[in-house]
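# Descriptive analysis of the structure
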Amino acid sequence: MGKNQPAANVTEPLRKSPTGIQGLDEITGGGLPSGRATLVCGGPGCGKTILAMEFLVRGIQQYDDPGLFVSFEESQDDLIENFNSFGFDLKALIAAKRLHISRIQIVPSEIVEAGDFSLDALFIRIQQAISVVGAKRVALDSIESIFTNLPNPKLLRSELARLLSLLKEQGITIILTGEKGEGTLTRNGFEEYVSDCVVTLDHRVTEQLSRRRLRFVKYRGSAHGADEHPFLIGATGLSVLPITSMGLAHNVDTDRISSGVRGLDAMMGGHGFYRGSSVLVSGTAGTGKSTLATHFAAGACGHGKRCLYLTSEESVSQIVRNMRSVGLDLQPWLDKGLLRIEASRATFCGIEERLVSVFNLVTSMRPDVFIMDPLSGYIGMGLPSEVRSMVVRMIDHLKMLGVTGLFTDLTRGSKHDDESEANISSLMDTWVALRVDRTLQKRRCMLYIVKSRGMEHSHETREMVFTSTGVEIRPWKKRAVASGAHATGRKETL
């Protein structure tokens with residue numbers, strides 16, 4: 001290096017403690033700031049205590065960080081019972097000396113002496129509790145309980161800053177919870193200023209549908225987004241759905257998988273869809289979207305592949321009965337476990353819960369083929385952008401796992417024949433459109449491929465015929481019919 005050449009600046013990234021909470025570490029780029037304080041604030045029932053406890057439990061189980069949970073309200077027995085419902089065996093962690101729960105009830109006379117306010121007694125009790133397990137992570141729940149009936153805000157702020165500083169000097173990662181105030185993030189309005197990282201949780205109900213949102217208000221020393229992220233409180237704790245997780249880093253496959261209909265395969269070079277691709281089958285009501293989807297499922301199972309089929313309009317027994325009319329017997333595949341049909345109304349739960357349930361089903365079954373029939377059933381569950389975001393996350397997740405996904409969708413039935421209710425056609429690799437020709441007295445179903453990325457495919461319109469032995473794709477033949485009321489005897493072709 002020359003004399004006049006400036007030395008390269010070497011920056012050390014902020015150390016972070018992984019939370020182990022699904023999706024949260026992705027949002028934060030690694031977790032919460034290590035050796036610093038994070039404030040989690042929000043209204044009642046939004047999940048503050050759950051996030052704090054899960055941060056400790058996951059830290060113990062996945063990262064070997066002992067934890068201390070200081071409760072200013074709930075007893076140890078109540079906490080143990082409450083978190084059993086999430087599968088957290090707090091009693092076992094306590095017995096193994098990996099977790100310590102300390103309930104501290106603040107008595108004003110203990111912290112106000114001769115008119116002076118001091119948290120020294122509290123500091124000593126927390127320090128003793130830390131030494132029980134050698135805690136590296138500490139949760140304080142909830143912080144405003146310390147300041148009940150103590151009106152001097154300047155002293156409150158300085159004492160809280162002193163408490164956090166004491167813990168930070170020992171390299172302890174702190175998470176404290178606080179209740180939402182009137183026009184402020186917290187009741188006292190200063191906790192957010194002395195914390196290095198601030199997370200707000202929100203629980204809202206719109207048109208009888210519950211939605212939970214998480215947002216990072218600040219994160220000192222680290223780049224972070226300010227978007228709201230949907231999250232769910234499920235059977236195993238919190239699951240966060242990061243908006244920024246929609247990636248395009250998945251691998252692609254050149255192998256093909258049959259559509260289950262020989263004529264449709266022929267329209268795609270005789271081989272069917274690309275494995276791991278996304279497929280849209282759209283059409284107006286009664287055009288055979290579900291029938292085509294079920295042929296895909298049966299064809300996959302016939303080749304020994306596993307198929308997960310989600311439906312929101314028919315029961316399992318109804319699907320099995322109806323498909324027998326077109327020569328498909330799904331029962332053997334159900335009995336063998338190759339086919340799993342999950343039937344529930346789209347409005348049974350919110351968008352976030354639906355997406356998490358899909359992720360969990362895919363993780364547990366590891367299917368080769370995934371079918372959602374119909375996607376349009378989810379319209380109205382949220383804003384169009386929320387529905388589209390759900391589909392994007394679902395498609396990305398399936399592609400990362402190499403799962404071929406087929407989605408059926410209802411078209412609007414207007415002059416815009418190639419527009420779907422969910423408006424997600426641009427997300428799909430292959431788009432099969434179904435329409436009905438009503439020119440004749442007899443309805444005819446037509447099928448054509450709008451697009452199929454990366455492969456040569458037919459651009460012709462074909463006729464889809466339902467027979468007792470399955471769906472058949474036939475050439476579209478023009479038929480001669482009499483015009484008008486057949487008064488002139490003149491013929492015209494279609």
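Anything mentioned here points back to the structure above.
Quick look at the structure, then. (Residues numbered from 1 in each chain as written. Predicted model: local features only at pLDDT ≥ 70, side-chain atom pairs only at ≥ 80, totals over all residues. Heavy atoms only, no water.)

### With respect to the packing of helix H13 (residues 351–365) against helix H14 (residues 384–400)
Just so we agree on the cut-off: Note on definitions: angles span 0 to 180 degrees between N-to-C directions of axes, and those axes are lines fitted to C-alpha atoms, for helices only across the stretch in contact. Helix numbers and strand numbers start at the N terminus; a helix is a DSSP run of H or I with at least 4 residues, a strand a run of E with at least 2. If an angle is under 35 degrees, it is roughly parallel; if it is over 145, roughly antiparallel; if it lies from 65 to 115, roughly perpendicular; otherwise it is oblique. When checking whether two residues touch, look at their non-hydrogen atoms; a contact exists if any pair is within 4.5 Å. Residues were grouped as follows: Ala, Val, Leu, Ile, Met, Phe, Trp, Tyr, Cys and Pro as nonpolar; Asp, Glu, Lys and Arg as charged; and all remaining residues, including Gly, as polar.
Packing of H13 against H14 leaves a shortest axis separation of 10 Å and a crossing angle of 10°. Relative to H14, the element H13 is oriented roughly parallel. Each of Ile351, Arg354, Leu355, Val358, Phe359 and Val362 in H13 lies in contact with H14, whose residues at this interface are Glu386, Val387, Met390, Arg393, Met394, His397 and Leu398. Grouping the amino acids of the contact of H13 with H14 by side-chain chemistry returns 9 nonpolar, 1 polar and 3 charged.

### Considering the packing of aromatic side chains
In this description, an aromatic ring pair is defined by two values, namely the gap between the centres and the angle between the planes. The condition is simple: Aromatic pairs are defined between Phe, Tyr and Trp rings, using the six-membered ring for Trp, whenever the two ring centres lie within 6.5 Å; interplanar angles under 30 degrees are classed as stacked, those over 60 as edge-to-face, and all others as tilted. Only when the NZ atom of a Lys or the CZ atom of an Arg is both within 6 Å of the ring centre and within 35 degrees of the ring normal do we say a charge sits over the ring.
Applying the stated rule across the entire model yields 6 aromatic pairs. Note that Arg137 overlies the ring of Phe55, its terminal NZ or CZ placed 4.3 Å from the centroid. A cation over a ring is seen here: Arg444 above Trp476, with NZ or CZ 3.8 Å from the ring centre.

### Structural notes on the sheet that holds strand E21 (residues 430–437)
The pairing of strands in a sheet happens through backbone hydrogen bonds and is either parallel or antiparallel. As a reminder of what qualifies: We call two strands paired when DSSP finds no fewer than two bridges between them.
Strand order in the open sheet made by the 9 strands is E18-E17-E19-E20-E16-E21-E22-E23-E24, with mixed pairing throughout. Two strands in the sheet have a free side with no partner beyond their single neighbour: strand E18 (339–343) and strand E24 (470–475). Averaged over all pairs of adjacent strands, the angle between their axes in this sheet comes to 20°, without regard to strand direction. Here strand E16 (residues 278–283) pairs with strand E20 (residues 404–410) via 6 bridges, running parallel.

### A few points about the environment of Leu51
How we decide: Exposure categories follow from relative accessible area, calculated using a 1.4 Å probe and restricted to protein chains: below 20% of the type maximum is buried, above 50% is exposed, and the middle band is partly exposed.
Position of Leu51 relative to the elements: it lies in helix H2 (residues 48–63). By relative accessible area, Leu51 is classed as buried at 3%. As for Leu51 and Leu201, which are separated by 150 residues in sequence, their C-alpha atoms are 9.9 Å apart.

### As for the environment of Leu79
Following the sequence through the fold, Leu79 ends up in helix H3 (residues 76–84). In the structure, Leu79 is positioned 11 residues away from Leu90 in sequence and 8.3 Å away in space, judged by C-alpha atoms. Setting aside its immediate chain neighbours within four residues, Leu79 contacts Phe69, Ser71, Glu74, Leu90 and Ile101.

### Digging into the pairing of strand E12 (residues 229–234)
Two strands pair when backbone bridges link them, and E12 and strand E13 (residues 237–240) are joined in this way by 4 bridges, in the antiparallel orientation. Residue pairing for E13: Gly234 is matched across the bridge by Gly237. Taken together, E12 and the strand that follows it, E13, pair antiparallel across an intervening segment of 2 residues.

### Remarks on the pairing of strand E23 (residues 462–467)
Sheet analysis places strand E22 (residues 444–452) next to E23, joined by 3 bridges and oriented antiparallel. Bridging from a neighbouring strand, Leu447 pairs with Arg462 of E23. Here E23 hands over to E24 after 2 residues, the two strands then running antiparallel side by side.

### Considering the state of the cysteines
The condition is simple: Cysteine sulfur atoms that come within 2.5 Å of each other are treated as a disulfide pair.
If you walk through the whole model with that rule in mind, you get 0 disulfides. Cys41 forms no disulfide, and the closest cysteine sulfur to it belongs to Cys46, at a distance of 8.3 Å. Residue classification places Cys41 among the buried residues on the basis of a relative accessible area of 1%. Judged by relative accessible area, which is 2%, Cys46 ranks as buried.

### Comments concerning the nonpolar core
To keep it simple, the criterion reads: Nonpolar cores were defined as sets of buried Ala, Val, Leu, Ile, Met, Phe, Trp, Tyr and Cys residues, with membership established by side-chain atoms within 4.5 Å.
Counting residues in each nonpolar core, the largest one holds 41 residues, and the members touching the most others are Leu264, Leu292, Leu339, Ile371 and Leu447. Tallying contributions element by element places helix H10 (residues 289–302) first for this core, with 7 residues. Discounting chain neighbours no more than four positions away, the residues touching Ile371 are Ala293, Phe296, Ala297, Cys307, Leu308, Tyr309, Leu310 and Leu406. In this structure, Ile50, Leu79, Phe86 and Cys197 belong to the second largest nonpolar core, which totals 35 residues.

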